Amino acid sequence: MAARHAGSTPHRWGVDLPGITSRFLAGGKQFALTFDACGGHGNSDIDQALIDLLIAERIPATLFLNQRWIDADPARTQRLGADPLFELANHGSAHKPLSVSGRSAYKIAGTGSAAQAADEVWNNHQRIIELTGRAPRFFRSGTAHYDEVAVAIVNELGETPLGFTVNADFGATASSAQVQRAMSAAAPGGIALAHMHRPGSGTAAGMAAALPALRAAGCTFVHL
């Protein structure tokens, strides 16, 4: 597969390209929550207050785990994977934007070839299977950026590239009030992107304010 795309020249770049799923057909006021765990230096902790909130409120979510975050505490991944509230998804091996030409996003260099893009997806795909016995269905690249060749590679590897409609915490840099305000834009069939690896961020408090209010307004939280 990597050989088939070797030498392909991409022409598009971004977070919302054809082949990326950024919304779903909702039955009623359904909305999906996704949380990234990015891993690496300073990014391999867990926002336990956020996880405890989801558990206490019985709110399902899809957790996109990077292999560096997984390998920092494999038992933690197994515990999360054993909870039916959570579906584990693939956030790549090294948290790179998915490119076949090395294109960068937010000063993070992307994968530099079709083979590197395939490895970024597949190495962590296999790691999640090894720990949980289940193959991830969804992939989100580091920074959520792709070119169209990389999107095709993810799809051909059997995972769905996932985007978002609501950027809830801007890489866990938003205040709780900003998270709450961003989540007020939740609409049926939408997908929120937030982060679960920075316990000092405003994400948990913002979600604690936003999610019960959305539920009271008739929103139903669902797995993808």
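Thresholds, definitions, all that
Residues numbered from 1 in each chain as written. Predicted model: local features only at pLDDT ≥ 70, side-chain atom pairs only at ≥ 80, totals over all residues. Heavy atoms only, no water. Phe/Tyr/Trp six-rings, centres within 6.5 Å; stacked < 30°, edge-to-face > 60°. Buried < 20%, exposed > 50% of the residue type's maximum accessible area, 1.4 Å probe, protein only. Lys NZ or Arg CZ within 6 Å of the ring centre and 35° of its normal. Core = buried A, V, L, I, M, F, W, Y, C linked by side-chain atoms within 4.5 Å. Helix = DSSP H or I, 4+ residues; strand = E, 2+ residues; numbered from the N terminus. Contact = heavy atoms within 4.5 Å. Lys, Arg positive; Asp, Glu negative; His and termini not counted. Salt bridge = Lys/Arg side-chain N within 4 Å of Asp/Glu carboxyl O.

(A) A look at the packing of aromatic side chains. Overall, the coordinates contain one aromatic pair when judged by the stated rule. For the ring pair Phe-139 and Tyr-146, a centre distance of 6.4 Å and an interplane angle of 70 degrees mean the geometry is edge-to-face. A relative accessible area of 0% means that Phe-139 is categorised as buried. Tyr-146 sits in the buried class, given a relative accessible area of 0%. The lysine or arginine in question, Arg-76, covers the ring of Trp-69, its NZ or CZ lying 3.7 Å from the ring centre.

(B) The nonpolar core, seen in detail. Membership of the largest hydrophobic core comes to 38 residues, with the highest contact counts inside it found for Leu-33, Phe-35, Met-183, Met-196, Met-207 and Leu-211. Counting residues per element, this core draws most heavily on helix α8 (residues 203-216), which supplies five residues. Setting aside residues up to four positions removed in sequence, Phe-35 forms contacts with Leu-50, Leu-54, Ala-61, Thr-62, Leu-63, Phe-64, Ala-194, His-195, Met-196 and Met-207.

(C) Molecular detail of the environment of Ala-172. Examined against the element boundaries, Ala-172 turns out to sit in the loop between β8 (166-167) and α7 (176-183). By relative accessible area, Ala-172 is classed as buried at 7%. Separated by 132 residues in the primary sequence, Ala-172 and Gly-40 place their C-alpha atoms 15 Å from one another.

(D) Representation of the side chain of Asp-147 within the structure. Within the secondary structure layout, Asp-147 lies in strand β6 (residues 146-147). Although buried, Asp-147 forms no salt bridge, and the nearest oppositely charged side chain, Arg-103, lies 7.5 Å from it. Not counting residues within four places of it along the chain, the set of residues in contact with Asp-147 comprises Pro-10, Arg-12, Trp-13, Leu-17, Leu-98, Ser-99, Val-100 and Ser-101.

(E) Molecular detail of the pattern of salt bridges. In the structure shown here, the tally under the stated rule is six salt bridges. A salt bridge links Arg-4 to Glu-156; its shortest N-O distance comes to 2.6 Å. Within this pair, whereas Arg-4 is found in helix α1 (residues 2-5), its partner Glu-156 is found in helix α6 (residues 148-156), the two being separated by 152 residues in sequence. A residue is classified by how much of its surface remains accessible, and Arg-4, at 57% relative accessible area, is exposed. Linking Glu-87 and Arg-137 is a salt bridge whose minimum nitrogen-to-oxygen distance equals 2.7 Å.

In short, the description is geometric, and any link to function would need to be established separately.
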